[in-house]
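As a plain string of letters, each chain reads:
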Amino acid sequence: MALSIGQLLQKKSKTVLESWINIQLQDDGLKEELLSNQEIRKQSEEFLHSVISILKKEDSQNTESPEFEKAAEILTEISTSRAMQGYTPRETGVFVFGLKEAFLSVLEKEFKDSLVPYADSQKINKLIDALAILTFETFISSREEVILRQTSEISEISTPVIRVWDGILALPIIGTLDSARTQVVMENLLMKIVETESTIAILDISGVPAVDSLVAQHLIKTVSATRLMGAECIISGIRPEIAQTIVHLGIDLANINTKASLAHALRSAFMMLKLEVRKTVEKPKF
Amino acid sequence: MDKIPILKMGDYLLVTIQVDLYDRLALNLESDLVNMINKHSSKGVLIDISAVNIVDSFMGRILGNIAQMSKILDAHTVVVGMQPAVAITLIELGLPLSGVHTALNVEKGMTLLQEKLFLDSTVIADDTDDNT
């Protein structure tokens, strides 16, 4: 009696594994320095067993069976770790699709003269396709996770509040100001004002590439909030082209103290605090 | 009924709000404060809201109103110790409280009031000089 496809592949699993690993190794895109042969073998073997155990079952298309879930779990893990290590989607794809090729080539040898029964090859195709879709979903979602984490890290790093003098804070803004970022900037600034009891905050926008009406509105909001807290806000680092845009857009910055550079802002802050910077005069030696 | 105490200190009135303001309380505060300014002919009002964590548009308007009323009665209003969250909320509500002076804490608020009073008195002194 002929063996079922699951049992047949179980018997041939050694051959399948070898040819699958060969396919993976032959792919040009493989980064050997990232993944050793042993690791590929280990991952492949584990996954192969779980796939064969699905094929042995009657309802191999059932995506809710414990066998399928097991395979999905292994695949998710592999795909996530590859996404983190910076693999391309192609390399991860080769991993899954290589298995299909390996299965079919082994079956072809087995059935020699006659063709591989259509139903069986269809079964394998469907299963591998389902798993491949899963791989890409996890691959992309873990990539997105990486991007999200980086975005939040950048926004944390890029909004430092510096205490430049007793009672004077400086806040260099680098990059575009959007609503989410303004919120972070505003919160950081206000917290720091309370913490250090500063009365003057200098907002330096020389690192902001462009100012449109939205960005200007965010700036005005920040300045007003600072004023409500009882501190003065000076905006510095306005480049000529930004001054032009602001006027062309008809944005009213008349109520806001603006200075050309951080140095000027600092000087006027000193004046507000009635401080004076003076050059020490050396006494003549004789 | 709850009442927010208003303390008189020389030319100034001190109000410290220690509870979350509900509408009736805020309205009472407004009328009490205006009466007190009138009675003692105070020159400055200092409102400490450092303990207020929640604010709505009504509260924001009351603060603005108090400042305007005091101004008519020739007194300066300083709001001190606003929490960052409260400041952000007021801005998002579109209430920048433009008529109100603000300071970080009671100490700085008091200094600010004294400066304002000093400025007023010098102006008056100048005026009298001119007249003589």
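Computed from a prediction, not measured in an experiment: that's the story for all the values here.

### Focus on the packing of helix H1 (residues 23-40) of chain B against helix H2 (residues 57-72) of chain B
Residue and element names in this part refer to chain B.
So, step 1. H2 packs onto H1 with a crossing angle of 5° between their chain directions and a minimal axis gap of 10 Å. Comparing the axis directions of H1 and H2 gives the class roughly parallel. Every residue of H2 that contacts H1 at Asp23, Ala26, Glu30, Leu33, Val34 and Ile37 is listed here: Phe58, Met59, Ile62, Asn65, Ile66, Met69 and Ser70.

### Some remarks on the environment of Phe47(A)
Residues and elements named next belong to chain A.
So, step 1. Structurally, the position occupied by phenylalanine 47 is in helix H3 (residues 37-56).
So, step 2. Assessed through the 22 C-beta atoms surrounding it within 10 Å, phenylalanine 47 is described here as buried.
So, step 3. For the pair phenylalanine 47 and leucine 75, spaced 28 residues apart in sequence, the C-alpha separation works out to 7.2 Å.
So, step 4. Setting aside chain neighbours within four positions, we find phenylalanine 47 in contact with Ala71, Ile74 and Leu75.

### A closer look at helix H10 (residues 262-272) of chain A
Residues and elements named next belong to chain A.
So, step 1. Listed as buried for H10 are Ala265, Leu266 and Ala269. Here the buried residues of H10 occupy an arc of 100° about the axis, which is enough to place them on one side. Exposed positions of H10 whose direction lies more than 90 degrees from the buried face are Ala263 and Met271.
So, step 2. In the core, the buried residues of H10 are packed alongside strand S1 (162-165), strand S2 (168-174), strand S3 (200-207) and strand S4 (232-236).

### Considerations on the sheet that holds S1(A)
Across a sheet, strands are paired by hydrogen bonds formed along the backbone, either parallel or antiparallel in direction.
Residue and element names in this part refer to chain A.
So, step 1. Taken together, five strands build an open sheet; the order of strands is S1-S2-S3-S4-S5 and the sheet is mixed. Looking at which strands have only one partner, the edges of the open sheet turn out to be S1 and strand S5 (257-258).
So, step 2. Bridging between S4 and S5 involves two bridges; their strand directions are parallel. When the bridges of S5 are listed, isoleucine 234 appears paired with asparagine 257.
So, step 3. Here helix H7 (residues 179-196) sits on the sheet and contacts S1, S2 and S3; the angle it forms with S2, its principal contact strand, is near 165°.

### Remarks on the nonpolar core
So, step 1. Leu171(A), Ala201(A), Ile202(A), Leu203(A), Met229(A) and Ala87(B) are the most contacted members of the largest nonpolar core, which has 64 residues in total.
So, step 2. When residues in this core are grouped by element, the largest group, six residues, is from helix H8 (residues 213-229) of chain A.
So, step 3. Aside from chain neighbours lying at most four places away, what touches Ala87(B) is Leu190(A), Ala225(A), Leu228(A), Met229(A) and Met82(B).
So, step 4. Ranked by size, the runner-up nonpolar core spans 25 residues in total, among them Ile5(A), Leu9(A), Ile54(A) and Val96(A).

### Examining the confidence of the model for chain B
All names here are of chain B.
So, step 1. Residues with a pLDDT of 70 or more make up 95% of chain B, whose mean pLDDT is 86.
So, step 2. Across chain B, the element-wise mean pLDDT spans from 79 in helix H4 (residues 106-131) up to 92 in strand S3 (residues 44-48).
So, step 3. Model confidence for the complex is summarised by a pTM of 0.62, with the ipTM given as 0.75.

### A short note on the packing of helix H2 (residues 13-26) of chain A against H3(A)
Residues and elements named next belong to chain A.
So, step 1. Following both chains from N to C, one finds H2 and H3 inclined at 130°, their axes separated by 10 Å at the closest point. When the interaxial angle is binned, H2 and H3 end up oblique. The way H2 lies across H3 gives a crossing that is right-handed. Here Ser13, Val16, Leu17, Trp20, Ile21 and Gln24 of H2 come into contact with H3, specifically with Ile40, Arg41, Ser44, Glu45, Leu48 and Ile52.
So, step 2. Here the contact of H2 with H3 is built from residues that sort into seven nonpolar, three polar and two charged.

### What to know about the sheet that holds strand S2 (residues 12-16) of chain B
Residue and element names in this part refer to chain B.
So, step 1. Pairing is mixed in the open sheet, where five strands are placed in the order S1-S2-S3-S4-S5. The outermost strands of the open sheet, each flanked by one partner alone, are strand S1 (6-9) and strand S5 (101-103). Averaged over all pairs of adjacent strands, the angle between strand axes in this sheet comes to 25°, irrespective of strand direction.
So, step 2. Note that S1 and S2 share four bridges and pair antiparallel. When the bridges of S2 are listed, lysine 8 appears paired with leucine 13.
So, step 3. Lying on the sheet, H2 is in contact with S3 and strand S4 (76-80); it crosses S4 at an angle near 150°.

The rules behind the values
- Residues numbered from 1 in each chain as written.
- Chains lettered and ligands numbered in written order.
- Predicted model: local features only at pLDDT ≥ 70, side-chain atom pairs only at ≥ 80, totals over all residues.
- Axes fitted to C-alpha atoms, helices over the stretch in contact; angles between N-to-C directions.
- Helix = DSSP H or I, 4+ residues; strand = E, 2+ residues; numbered from the N terminus.
- Parallel < 35°, antiparallel > 145°, perpendicular 65-115°, else oblique.
- Contact = placed C-beta atoms within 7 Å.
- Buried ≥ 20, exposed ≤ 12 C-beta atoms within 10 Å, placed from the backbone.
- Arc of directions from axis to C-beta.
- Pairing = 2+ DSSP bridges.
- Core = buried A, V, L, I, M, F, W, Y, C linked by C-beta atoms within 7 Å.
- pLDDT = per-residue confidence, 0-100.
- Left-handed = near helix turned anticlockwise from the far one by under 90°.
- Nonpolar A, V, L, I, M, F, W, Y, C, P; charged D, E, K, R; others polar.

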